[in-house]
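Structure at a glance
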Amino acid sequence: MDFLDTVPTGLLIGAEWREADAAGRFVVEDPATGDPLTDVADGGPAEMIAALDEASRAQESWAATAPRVRSDLLRAAYDEVVRRADDFALLITLEMGKPLAESRGEVRYGAEFLRWFSEEAVRVGGRWARSPEGTTRLLTMKDPVGPTLMITPWNFPLAMATRKIAPAIAAGCTMVLKPAEQTPLTALAFAALLRSVGLPPGVLNVVTTTRAAEAIPPLLRDPRLRKLTFTGSTAVGRQLMAQASAQLLRISMELGGNAPLLVLGDADIDRAVAGAMLAKMRNIGQACTAANRILVHESVADEFGSRFAAAMAAQRLGRGTDPNVDVGPLIDERARNKVTELVSDALARGARVLTGGSPLEGTGYFFEPTVLTDVGDHRITREELFGPVAPISTFGTDDEAIALANATEYGLASYVFSQDMSRILNVVERLQFGMVGVNQGVVSNAAAPFGGVKHSGFGREGGAEGIEEYLSTKYVGIAP
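Let me begin by describing the structure that accompanies this report. Remember, predicted model here, so these are calculated numbers, not experimental data.

**A few points about empty space enclosed by the protein**
Counting across every chain of the model gives three cavities of 30 Å³ or more. The space that makes up the largest cavity amounts to roughly 90 Å³. Along the wall of the largest cavity there are 13 residues; nearest its centre are Phe156, Met160, Arg163, Cys288 and Phe450. In this structure, the second largest cavity spans a volume of roughly 60 Å³. Lining the second largest cavity we find Leu278, Ala279, Arg282, Ala287, Thr289, Ala290, Tyr415, Gly441, Val442, Val443 and Ser444. A per-class count over the lining of the second largest cavity returns seven nonpolar, three polar and one charged.

Right under this line is the structure:
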């Protein structure tokens, strides 16, 4: 708890941590107990505009900063996050609920974006060419897009921040960050860390708020803002896109998911069960990449179902600070109620419970790890299921599996388990998803492009592609 006491709880605007002028403060709670952890400043439109004032003021000098300076700063931030990994892991667990082992994994994953983009910062280039007719020399160069509004979700409070902030720093963009109201503390602690390693005032500004619908639109109408990056629900993404259209903002969005996990008839069942546990239960199932639909070939459905259910039933629930706990709480009461509603609807339509199936009574927002079978095309397979519930359906042919997998408006992540590489490649080429995990349940990697197609958004974060989201191309024609 000592680290919690050192976390700033104000708004970072320019060089100052300040209070909100009007709305005061809001409480951040521990989802495992429902008890308050602390309270933070509740910013509004005035604070958002003040943050953009600072970002705009800092943009020119930050864009002119040498790439090596930006690179070294990101590397220093990486080293400091690694040094304070246990502190950040505890903070993530306290405000988000995931077990400490998973929080430590998030810290490692989040830190990798700092290291990766420290290396990319010095590799931004252009090209020189002669025009085909020989009358002009063609020079292209990359410029930072400019001040960027970043809106991050609650499920990975460090990694979602570093995945956006690191490439923006590397590219030379200034930022206004609006973290999720459920988990603002990790973002505030990370912002303080960046300032401590030398990030200049105004490059990163952080406004915490419970009034996003009121506070964000004025920024999106301001011509000084040049980019919006958002991770969250598809419904909110649509609203933000409509609002951002007035200024024709550069936009990148990572939205909802409804990931299928395909277990083909020749799959290694041990590997498939282990992979399904990772794909389903990472972050208590509260991940846009979580396997929402388990599609299993009918020849191995009984064996897979019984072994998967046994693995789920063995998971231990509790507060994430207990090292013996495997599964923490859902983020809040609304999230638990949504999972309960979807499970109840599936059971009413004929699904069967192999294990779990109910919310836990008492304090905190817990739901039992659950496996359902005989699940048809109902709400639980159509909607994004943010929780520890795995619906199993069966298929007879690869064509049927692919059709079931693609029968969704979403297109973020998918998973395939098989021992036949030719078969795998055929399936992978036909899946309509931005990412595919083959014989593994986790695809996220700082060195790889993360993002989806269809209603799961556009743009990529991570990999060589990640920095391009924060750069624009300038062409210069030179007469010889």
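This is not the end of the story, as more comes after the structure.
**A look at the pattern of salt bridges**
Taken as a whole and assessed by the stated rule, the structure comprises 32 salt bridges. Across the pair Glu106 and Lys98 runs a salt bridge, and its minimum N-O distance is 2.6 Å. We note that Glu106, like Lys98, is buried. Notably, a salt bridge pairs Glu461 with Lys164, separated by 2.7 Å at the nearest N-O pair. One end of the pair, Glu461, is in the loop between β21 (457-458) and α17 (463-466); the other, Lys164, is in helix α6 (residues 159-171), and 297 residues separate them in sequence. For Lys164, a relative accessible area of 1% puts it in the buried group. One salt-bridge network, held together by shared partners, links Arg163, Lys164, Glu254 and Glu461.

**As for the sheet that holds strand β5 (residues 127-130)**
Within a sheet, neighbouring strands are paired by backbone hydrogen bonds and run either parallel or antiparallel to one another. Across the sheet, three strands lie side by side as β5-β6-β22; this open sheet has antiparallel pairing. The open sheet is flanked by β5 and β22 (471-478), the only strands paired with a single partner. Each adjacent strand pair in this sheet contributes to an overall mean axis angle of 25 degrees, direction not counted. Note: strand β6 (residues 137-144) against β22, eight bridges, orientation antiparallel.

**Observations regarding the nonpolar core**
Burial of nonpolar side chains together is a common tendency in soluble globular proteins. In terms of nonpolar packing, the biggest core is built from 111 residues, with Ile165 and Phe304 touching the most fellow members. Take this core: its biggest share by element is nine residues, from α6. Excluding residues that lie within four positions of it along the chain, Phe304 makes contacts with Val263, Ile269, Ala272, Val273, Ala276, Ile294, Val296 and Ile392. Listed in part, the 26 residues of the second largest apolar core include Leu11, Val176, Val207 and Leu225.

**Description of helix α12 (residues 301-313)**
The terminal C-alpha atoms of α12 lie 18 Å apart, and with 13 residues this matches the ideal 18 Å at 1.5 Å per residue to within 8%. Ala301, Phe304, Gly305, Phe308, Ala309 and Met312 are the residues of α12 that are buried. Down the axis of α12, the buried side of the element spans an arc of 125 degrees, and every buried residue falls inside it. Looking at the buried residues of α12, the elements they touch are β12 (259-263), α11 (269-281), β13 (291-297), β14 (352-355), β15 (370-373) and β16 (389-395).

**A closer look at the layout of surface pockets**
Its boundaries defined by the atoms lining it, the largest pocket holds a volume of some 1,200 Å³. Around the largest pocket, the lining comprises 41 residues; the ones closest to its centre are Trp154, Gly232, Ser233, Val236 and Arg334. Mapped by element, the contributors of at least two residues to the lining of the largest pocket are α8 (212-215), β10 (227-231), α10 (234-244) and α13 (333-348). Tallying contributions element by element places α10 first for the lining of the largest pocket, with seven residues. Of the voids in this model, the second largest pocket is the one considered here, and its volume is about 210 Å³. The wall of the second largest pocket is formed by Arg293, Leu295, Val375, Gly376, Asp377, Thr381, Arg382, Ser393, Thr394, Leu404 and Ala407. Put simply, the parts of the chain that give the lining of the second largest pocket at least two residues each are β13, α14 (379-382) and β16.

**Things to note about the environment of Glu95**
As for its position among the elements, Glu95 is in helix α4 (residues 85-96). Exposure remark for Glu95: the relative accessible area of 0% places this residue in the buried category. For the pair Glu95 and Gln182, spaced 87 residues apart in sequence, the C-alpha separation works out to 7.2 Å. Sequence-distant contacts of Glu95, defined by excluding residues within four places in its chain, comprise Val28, Glu29, Pro31, Leu37, Pro157, Gln182, Thr183, Pro184, Leu185, Thr186 and Ile331.

**Some thoughts on unusual backbone geometry**
One non-glycine residue, Asn439, lies in positive phi territory at about 55 degrees. Examined against the element boundaries, Asn439 turns out to sit in the loop between β19 (435-438) and β20 (453-454). The class of Asn439 is buried, set by a relative accessible area of 16%.

**Topic: the sheet that holds β16**
An order of β14-β15-β16-β13-β12-β18-β19 is seen for the seven strands of this open sheet, with the pairing classed as mixed. Both outer strands of the open sheet, β14 and β19, are each paired with one neighbouring strand and no more. Shown here is a sheet whose adjacent strand axes are inclined to one another by a mean of 25 degrees, direction ignored. Relative to β16, β15 runs parallel, the two sharing three bridges. From the neighbouring strand, Thr370 faces β16, where its bridge partner is Val389.

**Remarks on the packing of helix α3 (residues 67-83) against helix α7 (residues 184-196)**
One way to put it is that α3 packs onto α7 with a least axis distance of 9 Å and a crossing angle of 125 degrees. Compared by their axis directions, α3 and α7 come out oblique. The crossing of α3 and α7 is right-handed. When α3 is examined against α7, the residues Leu73, Ala77, Glu80 and Val81 are found in contact with a partner set consisting of Phe190, Leu193 and Leu194. Split by residue class, the contact of α3 with α7 holds six nonpolar, no polar and one charged.

Criteria and cut-off values
Residues numbered from 1 in each chain as written. Predicted model: local features only at pLDDT ≥ 70, side-chain atom pairs only at ≥ 80, totals over all residues. Heavy atoms only, no water. 1 Å grid on protein atoms, 1.4 Å probe; cavity = no way out; pocket = protein on both sides within 12 Å on 5 of 7 lines; lining within 4 Å. Points joined across faces, edges and corners; volume = space filled by probe spheres on them. Nonpolar A, V, L, I, M, F, W, Y, C, P; charged D, E, K, R; others polar. Salt bridge = Lys/Arg side-chain N within 4 Å of Asp/Glu carboxyl O. Buried < 20%, exposed > 50% of the residue type's maximum accessible area, 1.4 Å probe, protein only. Helix = DSSP H or I, 4+ residues; strand = E, 2+ residues; numbered from the N terminus. Pairing = 2+ DSSP bridges. Axes fitted to C-alpha atoms, helices over the stretch in contact; angles between N-to-C directions. Core = buried A, V, L, I, M, F, W, Y, C linked by side-chain atoms within 4.5 Å. Contact = heavy atoms within 4.5 Å. Expected span 1.5 Å × (residues − 1). Arc of directions from axis to C-beta. Parallel < 35°, antiparallel > 145°, perpendicular 65-115°, else oblique. Left-handed = near helix turned anticlockwise from the far one by under 90°.

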